[in-house]
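Residue-level structural notes
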Amino acid sequence: MEVKIGVQHAPREIVLESGQSAEEVERAVADALAGKAQLLSLSDEKGRKILIPAEKIAYVELGEPAVRRVGFGAL
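Each residue is numbered by its place in its chain's sequence as written, counting from 1. Per-residue local features of the predicted model are confined to residues with pLDDT of at least 70, and side-chain atom pairs are confined, for both listing and counting, to 80 or more; whole-chain, interface and lining totals are unaffected and use all residues. Only hydrogens and water are removed before side-chain values are computed, so all heavy atoms of the structure are retained for them.

Per an unreviewed UniProt entry, the protein chain is named DUF3107 domain-containing protein, and its organism is Streptomyces exfoliatus.

**Some thoughts on the side chain of S18**
Within the element layout of this structure, S18 appears in the loop between β2 (14-17) and α1 (22-34). The exposure class of S18 is buried, given its relative accessible area of 2%. Two N or O atoms count as a polar contact when they lie within 3.5 Å, although within protein this holds only if one can serve as hydrogen donor and the other as acceptor, and sequence-adjacent residues are included solely when both atoms are side-chain atoms. Looking at S18, its side chain comes within polar contact range of the main-chain nitrogen of Q20, at 3.1 Å. At 3.2 Å, the side chain of S18 forms a polar contact with the backbone oxygen of S43. Contacts between residues were defined by any pair of non-hydrogen atoms, one from each residue, lying within 4.5 Å. In this structure S18 touches M1, V3, V25, S43, D44 and E45, once residues within four positions along its chain are discounted. Here a helix means four or more residues in a row that DSSP labels H or I, a strand means two or more in a row labelled E, and each is numbered from the N terminus. Burial status follows relative accessibility: with a 1.4 Å probe on protein chains alone, a residue under 20% of its type maximum counts as buried, one over 50% as exposed, and anything between as partly exposed.

**Quick look at the pattern of salt bridges**
Salt bridges are identified by distance alone: a Lys or Arg side-chain nitrogen within 4 Å of an Asp or Glu carboxyl oxygen. The tally for this structure, following the rule as stated, stands at 2 salt bridges. The residue K36 makes a salt bridge to D31 at a minimum N-O spacing of 4.0 Å. K36 sits in the exposed class, given a relative accessible area of 68%. Overall, D31 belongs to the partly exposed group, its relative accessible area being 27%. Here R48 ties to D44 by a salt bridge, and the two come within 2.8 Å at their closest N and O atoms.

Structure (structure tokens):
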């Protein structure tokens, strides 16, 4: 699933493809914003871990997974 995270005072958003479900990501964001966790911790499909301070989160956008198209027929 595609996750876009806006960070305060940062010109670009963080975009990652997560293997987690929408409910898991939503729960992690809610816990971070409620103060239950200092950091929002998500992992992407390549196994990398992304840590964002909870007080710096501006917005989180959850989307459908992006299908990779290859070749000339992908237009």
